[in-house]
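Residues per chain are reported as follows:
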Amino acid sequence: MARMRNLLGAAAAALTVAAMGALTPAAPAAAAGPTGDGVVSPSVVGGSQAAQGEFPFMVRLSMGCGGALYSSDLVLTAAHCVGRTGTNTSITATLGVVDLNSSSRITRSSNYVYRAPGYNGYGDDWALIRLSSPVTGLSTLKIATTTAYDSGTFTIAGWGANREGGAQQRYLLKATVPFVDDATCNSRSMYNGQVIAAEEICAGYTAGGVDTCQGDSGGPMFRRDAANAWIQVGIVSWGDGCARPNKPGVYTQVSYFASAIQSAASSLGG
Ligand code: ARG
């Protein structure tokens with residue numbers, strides 16, 4: 001039940017953000033400037049600002065979620081960030097910038113949403129958004145198709161809150177978090193069986209302090225593969241609060257859904 005409350009809470013937060021306009025953060029002054037003033041702003045939660053171009057595949061979505069560029073016209077995000085499968089021209093994607101207010105930002109409208117068919121609020125938390133026209137000049141993020149990279153240290157990034165209950169961010173924030181195995185994540189002191197082990201992957205510190213948070217949902221969790229390329233292993237899904245001790249972030253395990261994601265992408269033409 002804690003989990004359902006969190007998902008509903010996140011949806012409400014996302015709606016509030018959408019109503020405010022995701023490109024006009026409520027408190028932009030809370031984010032430090034991107035240039036070398038030596039200020040390390042708090043992040044995602046507990047991180048720092050990403051450099052322009054560092055994560056070219058990062059996407060901000062107007063309902064107040066993140067996403068990753070999967071192909072030139074498809075964005076991989078969370079099912080709980082979108083409505084039902086079908087034509088949808090109401091989402092704006094902002095790409096190519098760490099500063100959402102930058103005049104060099106690229107924007108695209110959606111023209112279709114594909115939500116994981118099994119999604120009912122638990123698990124299956126992935127979706128693809130098709131953009132009205134392809135984006136050029138930005139590298140995409142490949143997805144993990146085996147469990148080979150489902151451990152180690154992961155990078156998380158997003159424009160979501162930098163503390164539990166905090167404001168959405170103008171500048172992209174990043175952090176790294178360690179893998180937490182299913183048995184530990186489902187232990188009594190953590191999620192006590194609420195994590196769907198096959199479909200979800202946990203990451204965070206036992207002590208808390210570093211995590212994704214509201215508004216980061218749908219964004220990628222990723223690491224380097226054997227060829228040193230970024231590879232997506234997770235999609236920000238849920239957690240009990242943000243960065244609390246013994247409450248790691250819970251992410252959709254991309255490798256488990258990789259073939260379903262690839263088939264859906266093909267059916268969408270990309
Ligand atoms: N569901 C949240 C969202 O809509 C993301 C929550 C992530 N929480 C966490 N503690 N890692 O943005």
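Numbering of residues starts from 1 in each chain and follows the order in which that chain's sequence is written. With the structure being a predicted model, the display of local features is reserved for residues of pLDDT at least 70 and the display and counting of side-chain atom pairs for 80 or more, all residues being used for whole-chain, interface and lining totals. Water and hydrogen atoms were dropped before computing side-chain values, which therefore reflect all heavy atoms in the structure.

(A) View of the environment of leucine 76. Counting from the N terminus, the helices are DSSP H or I runs at least four residues long and the strands are E runs at least two residues long. Structurally, leucine 76 is set in strand S4 (residues 74-77). Given the relative accessible area of 0%, leucine 76 is considered buried. Sequence-wise, leucine 76 and alanine 127 are 51 residues apart; in three dimensions their C-alpha atoms are separated by 5.9 Å. The criterion used for residue contact is that any of the two residues' heavy atoms lie within 4.5 Å. With residues near it in sequence (within four places) discarded, leucine 76 still touches Gly67, Ala68, Tyr70, Trp126, Ala127, Leu128, Ile143, Gly218, Gln232, Ile235 and Ile261. Accessibility here uses a 1.4 Å probe with only protein chains present; expressed as a share of the type maximum, an area under 20% marks a residue as buried, one over 50% as exposed, and anything in between as partly exposed.

(B) Fine view of the state of the cysteines. Any pair of cysteine sulfurs within 2.5 Å is marked as a disulfide. In the structure shown here, the tally under the stated rule is three disulfides. What pairs with cysteine 65 in a disulfide is cysteine 81, and their sulfur atoms sit 2.0 Å apart. Note on the cysteine 65 and cysteine 81 pair: the S-S dihedral is about -85°, so by sign convention the disulfide is left-handed. In this pair, cysteine 65 sits in strand S3 (residues 65-71) while cysteine 81 sits in the loop between S4 and strand S5 (86-87), placing the two residues 16 residues apart along the sequence. Residue classification places cysteine 65 among the buried positions, given a relative accessible area of 2%. The partner cysteine of cysteine 213 in its disulfide is cysteine 242, sulfur to sulfur 2.1 Å. Judged by the sign of its S-S torsion, about 85°, the bond between cysteine 213 and cysteine 242 is right-handed. With cysteine 213 in the loop between strand S12 (200-203) and strand S13 (220-224) and cysteine 242 in the loop between strand S14 (230-238) and strand S15 (249-253), this residue pair connects regions lying 29 residues apart in the sequence. Since its relative accessible area comes to 5%, cysteine 213 is described here as buried. For cysteine 242, a relative accessible area of 6% translates into the label buried. In the protein chain, the bonded cysteines, taken in the order they occur along the sequence, pair up as 1-2, 3-4, 5-6.

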